[in-house]
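# Descriptive structure summary
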Amino acid sequence: MLETITLGGGCFWCLEAVFQQVIGVKKIDSGYMGGHVLEPQYKQICQGDTGHAEVVRMEFDSAVISFEQLLDIFFVIHDPTTLNQQGNDIGTQYRSVIFTNDSIQHDIAVNKINDLQLGSLGPAVTQVLTVCQFWPAEVEHHNYYQQHALQPYCRAVIEPKLRKFLKHFAAIAK
């Protein structure tokens, strides 16, 4: 059964590159969600005043991989304890956020965050919000890592996340 999950955890290039490697993930779209500007563009988002987060919206086969497993990956590959920041990417557009489609996803996400609070990471600042209007990113932002793997940002920021994913989740990697 196909389901949808929308996650923001820093730059969407990072999340896209990792989740493209996960079995059961069928489709990934990079884009923007959670803001107040209609049809936002990347340059607007980068200014940090539209209210949008950079997100990836994924379709996944829940018979192959669960919503919970996707959240486990999400919480390993980004830092849910830094407010509006992932590494050197700073601003509300880089916040940690889960946009849920229904009360079941909402409850699972809240429980995962509560579990994190009990762990050694420190207090999680991840928001759990109801899914709203998704605005697709411009075409040059799709499959970014696959097209630009040798760029310094990709090597310095995305590749460590890919290695972390493979270290912890090799059994569910494509």
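Conventions adopted
Residues numbered from 1 in each chain as written. Predicted model: local features only at pLDDT ≥ 70, side-chain atom pairs only at ≥ 80, totals over all residues. Heavy atoms only, no water. Helix = DSSP H or I, 4+ residues; strand = E, 2+ residues; numbered from the N terminus. Rg over C-alpha atoms; globule rule 2.2 N^0.38 Å. Contact = heavy atoms within 4.5 Å. Areas by Shrake-Rupley, 256 points an atom, 1.4 Å probe, with all protein chains shown as cover. Lys, Arg positive; Asp, Glu negative; His and termini not counted. Charge placed at Lys NZ, Arg CZ, Asp CG, Glu CD. Buried < 20%, exposed > 50% of the residue type's maximum accessible area, 1.4 Å probe, protein only. Salt bridge = Lys/Arg side-chain N within 4 Å of Asp/Glu carboxyl O. Pairing = 2+ DSSP bridges. Axes fitted to C-alpha atoms, helices over the stretch in contact; angles between N-to-C directions. Disulfide = S-S within 2.5 Å.

This part covers the overall build of the chain. Summing up its helical and strand segments, the chain has six helices and eight strands in all. Element order for the chain, N to C, with α for helix and β for strand: β-α-β-α-β-α-β-β-β-α-β-β-α-α. Computed over its C-alpha atoms, the radius of gyration of the chain comes to 15 Å, within 12% of the 16 Å expected for a compact globule of 174 residues. Overall size of the chain, expressed as C-alpha extent along the three principal axes, is 35 × 35 × 35 Å. Put simply, of all contacts in the chain between residues at least 6 apart along the chain, 75% involve residues at least 24 apart. Accessible surface for the chain amounts to roughly 8,500 Å². Of this, 55% is attributable to carbon and sulfur atoms. Of the charged side chains in the chain, 12 are positive and 18 negative; the average position of the first set lies 8 Å away from that of the second.

A few words now on the side chain of aspartate 89. Mapped onto the fold, aspartate 89 is located in strand S5 (residues 89–90). No salt bridge is formed by the buried aspartate 89, whose closest oppositely charged neighbour, lysine 161, lies at an N-O distance of 7.7 Å. Contacts of aspartate 89, omitting those with residues within four sequence positions, involve Cys11, Asn84, Tyr94 and Tyr153.

On to the sheet that holds strand S2 (residues 25–33), then. On the basis of which strands lie adjacent, the open sheet formed by six strands has the order S7-S6-S1-S3-S2-S8 and mixed pairing. Two strands bound the open sheet, and with one partner strand each, they are strand S7 (127–130) and strand S8 (134–136). Strand-to-strand, the axes of this sheet are offset by a mean angle of 35 degrees, without reference to chain direction. Here S2 pairs with S8 via three bridges, running antiparallel. Within S8, the position partnered with methionine 33 by the bridge is phenylalanine 134.

Our next topic: the state of the cysteines. For the structure shown, the criterion picks out zero disulfides. No disulfide involves cysteine 14; its sulfur sits 4.8 Å from the nearest other cysteine sulfur, which is in cysteine 11. Here cysteine 154 is not cross-linked by a disulfide; its sulfur's nearest cysteine counterpart is in cysteine 14, at 8.1 Å.

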